[in-house]
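So you can see what is in the structure, the chains are spelled out below.
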Amino acid sequence: MSAPRAARWIVPIALVVVWLAIGGTLGPYAGRLGEVTTNEQSSFLPSNAEATRVLEQQSAFQPDRTIPAIVVWEVREGRITPGDREEAGRALASLRGAPFVAGGPSPIIPSQDGMAMSGVVQIESDAGEEIPDVVDRVRDAAGRVQGTTAYVGGPAATQADFSEAFAGVDTMLLLTALAVVLLILLLVYRSVLLPLLIILGSILALGFASAIAYYMADNDVVTVDGQVQGILSILVIGATTDYALLLSARFREELTHGTDRLHAMWPAWRRSAGAIVASGGTVAAGLLALLLSDLSNNRALGPVGALGIACALLSALTYLPAVLAVFGRAAYWPSRPHPDRPDSSRHAIWERIARLIDRRPRRIWAACLIVLCAGAALMPTLRTEGVPLSETFVGEASSVTAQEVLDEHFPGGSGNPAIVIANASALPQVISTAQQTEGVSAARPRTGQDGRPLVVDGRALAEVTLSSAADSEEARQTVDRLRAGLHDVPGADALVGGYTAQQVDTQAAAQRDRKVIIPVVLAIIIVILVALLRSLAMPVLLVATVALNYLATLGVAALIFQHLLDYTATDPSVALYGFVFLVALGVDYNIFLMTRAREESLRHGVRRGVLDGLTVTGGVITSAGVVLAATFTALVVIPLSFLVQIAFIVAFGVLMDTLVVRSLLVPALVRDLGPVVWWPGVLYRRGDSGKEPGRTDRPATR
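All of these numbers come straight from a predicted model, not from anything done at the bench.

Asks: So what's going on with the overall build of the protein? Which residues, and what values?
Replies: On a plain count of helices and strands, the protein comes out with 24 helices and ten strands. In terms of overall dimensions, the protein is globule-like: its C-alpha atoms have a radius of gyration of 30 Å, near the 27 Å expected for 702 residues. Overall, the protein is about 95 × 50 × 50 Å in size when its C-alpha atoms are taken along their principal axes. The buried share of the protein, taken over its 702 residues, is 57%.

Asks: Tell me about the packing of aromatic side chains, and please be specific about residues and values.
Replies: Using the criterion set out here, one finds 13 aromatic pairs in the structure. When the ring of Trp 19 is compared with that of Phe 208, the centres are 6.2 Å apart and the planes differ by 75 degrees; the resulting orientation is edge-to-face. In this pair, Trp 19 is assigned in helix α2 (residues 10-26) and Phe 208 in helix α9 (residues 193-218), connecting sequence segments 189 residues apart. The buried category is assigned to Trp 19, whose relative accessible area is 3%. Seen from their ring centres, Trp 266 and Trp 269 are 5.8 Å apart, and the 15 degrees between their planes marks the pair as stacked. With Trp 266 and Trp 269 both in helix α11 (residues 261-288), this residue pair falls three residues apart, about one helical turn. A residue is classified by how much of its surface remains accessible, and Trp 269, at 29% relative accessible area, is partly exposed. Grouping aromatic residues by their ring pairs yields a cluster made of Phe 561, Tyr 567, Phe 648 and Phe 652.

Asks: Any details on helix α8 (residues 172-189)? Residues and values, ideally.
Replies: With 18 residues, α8 extends 26 Å from end C-alpha to end C-alpha; this agrees with the ideal 26 Å at 1.5 Å per step. On its buried side, α8 packs onto α9, α10 (226-255) and α22 (606-633). Residue Arg 190 follows α8 closely and has a positive phi angle near 50 degrees.

Asks: Lay out a positive patch on the surface with the relevant residues and their values.
Replies: Positive charge collects at one region of the surface, where Arg 352, Arg 355, Arg 359, Arg 360 and Arg 363 lie side by side. Broken down by element, the positive patch gets its largest block of residues, three residues, from helix α13 (residues 348-359). Structurally, Arg 359 can be placed in helix α13.

Asks: How would you sum up the packing of helix α14 (residues 361-377) against helix α20 (residues 537-563)? Please name residues and give values.
Replies: Helix-helix packing: each pair is described by the crossing angle between the helix axes and the interaxial distance. Between α14 and α20, whose axes approach to 6 Å, the crossing angle comes to 50 degrees. Comparing the axis directions of α14 and α20 gives the class oblique. The two elements α14 and α20 meet at a crossing, and its hand is left-handed. In contact with Leu 369, Leu 372, Cys 373, Gly 375 and Ala 376 of α14, α20 contributes Leu 548, Asn 549, Leu 551, Ala 552, Gly 555 and Val 556. Residue classes in the contact of α14 with α20 are distributed as eight nonpolar, three polar and no charged.

Asks: Pulling in residues and values, what's your account of the environment of Glu 86?
Replies: Mapping Glu 86 onto the fold places it in helix α5 (residues 82-93). In this structure the C-alpha to C-alpha distance between Glu 86 and Gly 485, which are 399 residues apart in sequence, comes to 40 Å.

Asks: How would you sum up the confidence of the model for the protein? Please name residues and give values.
Replies: The predicted model of the protein averages 86 in pLDDT, with 93% of residues at 70 or higher. The lowest-confidence element of the protein is helix α1 (residues 3-7), averaging 55 in pLDDT; the highest-confidence one is α14, averaging 95. Residue range residues 690-702 is modelled with pLDDT below 50. Its contacts to residues more than four positions away, or to other chains, number 23 contacts.

Asks: So what's going on with the environment of Val 455? Which residues, and what values?
Replies: Note that Val 455 resides in strand β8 (residues 455-456). For Val 455, a relative accessible area of 44% puts it in the partly exposed group. Val 455 sits 395 residues away from Ala 60 along the chain, and the two C-alpha atoms are 9.7 Å apart.

Asks: Please give an account of unusual backbone geometry that cites residues and values.
Replies: Among all residues save glycine, negative phi is the norm, and among peptide bonds the norm is trans. Of the consecutive residues Trp 679 and Pro 680, the connecting peptide bond is found in the cis state with omega at -5 degrees. Phi at Asp 493 takes a positive value of approximately 45 degrees, unusual for a residue other than glycine. Along the polypeptide, Asp 493 turns up in the loop between α18 (473-487) and β10 (495-497).

Asks: Give a detailed account of the nonpolar core, specifying residues and quantitative values.
Replies: By size, the foremost hydrophobic cluster in this structure holds 161 residues, and its most contacted members are Tyr 243, Phe 581 and Met 594. Setting aside chain neighbours within four positions, we find Phe 581 in contact with Ile 231, Leu 235, Leu 287, Leu 301, Gly 586, Phe 632 and Val 650. Ranked by size, the runner-up nonpolar core spans 29 residues in total, among them Ile 67, Trp 73, Val 121 and Ala 142.

Asks: Kindly report on the side chain of Thr 437, identifying the contributing residues and their values.
Replies: Looking at the element boundaries, Thr 437 is found in the loop between α17 (427-436) and β7 (440-445). Excluding residues that lie within four positions of it along the chain, Thr 437 makes contacts with Thr 478, Arg 481 and Leu 482.

Asks: Outline the pairing of strand β1 (residues 66-75), supporting the account with residue identities and numerical values.
Replies: Taken across its ten residues, β1 has nine buried, putting it largely inside the fold. Pairing geometry for β1 and strand β4 (residues 116-124), over nine bridges, is antiparallel. Residue pairing in the sheet places Trp 73 in a bridge with Met 117 of β4. Pairing of β1 with strand β5 (residues 148-153), which is carried by six bridges, proceeds in the antiparallel orientation. Its bridge partner lying in β5, Trp 73 is registered against Ala 150.

Asks: Outline a negative patch on the surface, listing residues and values.
Replies: A cluster of acidic residues, Glu 129, Glu 130, Asp 133 and Glu 164, forms a negative patch on the protein surface. As for its position among the elements, Glu 130 is in the loop between β4 and α6 (131-142).

Asks: Describe the pattern of salt bridges, and please don't skip the residues or the numbers.
Replies: One pass over the full model with this rule turns up 19 salt bridges. The salt bridge partner of Asp 358 is Arg 671, with a shortest N-O separation of 2.5 Å. Of this pair, Asp 358 sits in helix α13 while Arg 671 sits in helix α23 (residues 641-673), and the two are 313 residues apart along the sequence. Judged by relative accessible area, which is 36%, Asp 358 ranks as partly exposed. Among the salt bridges present, the one from Asp 513 reaches Arg 512, with a minimum N-O distance of 3.0 Å.

Asks: Account for the packing of α18 against helix α19 (residues 499-533), with residues named and values stated.
Replies: Taken N-terminus to C-terminus, the directions of α18 and α19 make an angle of 90 degrees; their axes are 9 Å apart at the nearest point. The orientation of α18 with respect to α19, classified from their angle, is roughly perpendicular. Counted together, Ala 475, Arg 476, Val 479, Asp 480 and Arg 483 of α18 and Thr 500, Ala 501, Gln 503, Val 504, Asp 505 and Gln 507 of α19 form the full contact between these two elements. Classifying every residue of the contact of α18 with α19 gives four nonpolar, three polar and four charged.

Asks: Give a detailed account of the state of the cysteines, specifying residues and quantitative values.
Replies: On inspection of all chains with the given rule, the structure shows zero disulfides. Unpaired in terms of disulfides, Cys 373 finds its nearest cysteine sulfur in Cys 368, a separation of 11 Å.

Asks: So what's going on with the pairing of β4? Residues and values would help.
Replies: Strand direction decides the pairing type here: strand β2 (residues 101-102) and β4, joined by two bridges, are antiparallel. What sits directly across from Ala 102, in β4, is Gln 122. Bridge count between strand β3 (residues 109-110) and β4: two bridges; the pairing is antiparallel. Bridge pairing in β4 links Pro 110 to Met 117. From the end of β3 to the start of β4, which pair antiparallel, there are five residues, and Gly 114 there has a positive phi angle of about 70 degrees.

Calculation notes
- The residue count restarts for each chain, going from 1 along the sequence in the order it is written.
- Local features in a predicted model are, by the rule used here, given only for residues with pLDDT of at least 70; side-chain atom pairs are given and counted only at 80 or more, and totals for whole chains, interfaces and linings are based on all residues.
- Side-chain measures were taken over the full set of non-hydrogen atoms in the model, leaving aside hydrogen atoms and water.
- A helix here means a DSSP run of H or I that spans at least four residues, while a strand means a run of E at least two residues long, and both kinds are numbered starting from the N terminus.
- The reference for a compact globule is 2.2 Å times residues^0.38; the radius of gyration itself is calculated from the C-alpha atoms.
- Exposure is judged per residue with a 1.4 Å probe applied to protein chains only, and the accessible area is read against the type maximum: over 50% gives exposed, under 20% gives buried, and values in between give partly exposed.
- Pairing of aromatic rings covers Phe, Tyr and Trp, the last counted by its six-membered ring, and requires centre-to-centre distances within 6.5 Å; plane angles under 30 degrees mean stacked, over 60 mean edge-to-face, and any other angle means tilted.
- Helices are assigned an expected span. That span is 1.5 Å times one less than the residue count.
- Every residue pair with non-hydrogen atoms within 4.5 Å of one another is taken to be in contact.
- Like charges within 9 Å and nonpolar side chains (Val, Leu, Ile, Met, Phe, Trp, Tyr) within 5 Å are joined into patches, using only residues over 30% in relative accessible area that form no salt bridge.
- Under the convention used here, a 1.4 Å probe and the Shrake-Rupley method define accessible areas, while residue burial counts only the protein chains that appear.
- For this analysis, a salt bridge means a side-chain nitrogen from Lys or Arg found within 4 Å of a carboxyl oxygen belonging to Asp or Glu.
- We count Lys and Arg on the positive side and Asp and Glu on the negative side, and we leave His and both chain ends out.
- Charged groups are reduced to one reference atom each: NZ for lysine, CZ for arginine, CG for aspartic acid, CD for glutamic acid.
- Angular values range over 0 to 180 degrees, each being the angle between N-to-C directions of two axes fitted as lines to C-alpha atoms, with helices fitted over their stretch in contact.
- To sort the angles, those under 35 degrees are grouped as roughly parallel, those over 145 as roughly antiparallel, those from 65 to 115 as roughly perpendicular, and the leftovers as oblique.
- It is the rotation of the near helix from the far one that decides the hand of a crossing: anticlockwise by less than a right angle makes it left-handed, clockwise makes it right-handed.
- Under the convention adopted here, Pro, Cys and the residues Ala, Val, Leu, Ile, Met, Phe, Trp and Tyr are nonpolar, Asp, Glu, Lys and Arg are charged, and Gly plus all remaining residues are polar.
- pLDDT is a per-residue confidence score from the predictor, ranging from 0 to 100.
- Buried Ala, Val, Leu, Ile, Met, Phe, Trp, Tyr and Cys residues form a nonpolar core when they are joined through side-chain atoms within 4.5 Å.
- Pairing between strands requires that DSSP locate at least two bridges from one strand to the other.
- Any two cysteine sulfur atoms lying within 2.5 Å of each other are counted as a disulfide.

Right, here's the structure in full:
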């Protein structure tokens, strides 16, 4: 090998070595990110909400921050006896001095029906990852009361269940996603090495992104929970694979022209990079718009998700070109590209679809619009007021069972009372107003050791028990009434917080976020598309189609969630997450299609250009859509309804966008409307000939 020829290999080999070094150094952070995540739900409340202010002031009444674990005993036969209460008290007292157990237990309170009793054990909030073990110790101690069945609920038990749900997010989720992607790539591309090279690029990108996210979370730049961690893994794997498929398809196309691997990579990279960068830019910009959210977990997902996309782009545009240049045609073995098969990239099925669109464009786009509009008509039936505790976890959860038993024998809000903090001078009026509020079962002040109301800096705290379950719509309405009444108490400066109030404030923040963030995301995407496609009409058309796909997906989701999966409502953030992912990712596939269609249109005219673009890109974009949908489906391995809902919305929406919007609706509209869709760009001015007056037709350069 001559010296100049050997020098050409320096860059690709060096890039491969650098990425392998990055993987070896930073790869372990993909499994360590869980060390700096928090699953304490109070960490993600709206920063300026009333419930958040209550939580901040409440700490003054609890110098040692604690989380209550509510123990409820249900007798198997007969009724609760004084002996049962004494035995329960001794069982909880045995926990005094145990690791992370704060102080002594509360008195044992019998239910009015005499069939159950309850007590409270305070757990130190800094127990962190030890909370599940502490809750287990409480459950073991409570289980020693003869003749009863013991359950542990309350915020501590809920947090323990969340921790257990996310326990496999850094292993099980990652392995499931990689296995699904690998299987699909092996089936679609019938190549052994290429899927492995693409998967390795995804792993390298994820390790890089996880290391940066770890540093940000460890230095309190962002607050990361298990949901953000899981979505980051799925997003990086799916995006890296998508971008890799586009580049590898272009490289294969160049190899069929008889070009050697090094010379083939440059035009493949140059003609793919613009679409890949623009696609990644739309997703990253959409995620960064989440920084405008009032909810801190949304704000965390913004930069964390955007850096994940940046790492995916970096891997797809540096590692993959280098490793493909090194392996060349061998990467596609056993179905290697050959110069004697120049049309191997054109699949017969997409040629038939293109001919069908060419013959009946108006019927096709009209049928697609009817289907999408029918789905969108169901969208208003999607309830987004929050998932009740009974539906938070997929399958059984001990905290949910305990809350159900507690609700059966005690007033609905016993386990999660509303917290009222007001000026001590107005405490009698506050208690009286609360007791007279519809939906309130009882209200009492928190007292000190002397039995008098506890006063800190002139403020007093009252616990208000609601008649309905704390996660019900009735409880949320009661909180609204309670706030309206207490805010009018003269001189009280009363604030209402607690679990139900947190739900109310979170829902209000989510509604505000949708009104603010959705227009910003649409504006950002349109600006990026205008710059890429050099047209005004086409970006509006593309955004309108993916937005309609989003609405149709929500309509179908409402049908599936309520009538098949028995969900009464969705998490308030589900609709916003679905919008950011579906619109940004949906535009991705249209970018892949229309950049190639523009290239072909410059040669052959708009009508033929869009059909040729569909024929050439149909297979790879459909494969990318299937991979991304399958990747998001892997989120269902985490037993949380929020992630199950996100997984369905994104997976179904991506498939519908890939198979209907990008494959049929957009090409049919462009074919029917003609050059006007490129207004006011050069394609519009050239008409459908693809040539300017006085110029010969020649392949366009990008």
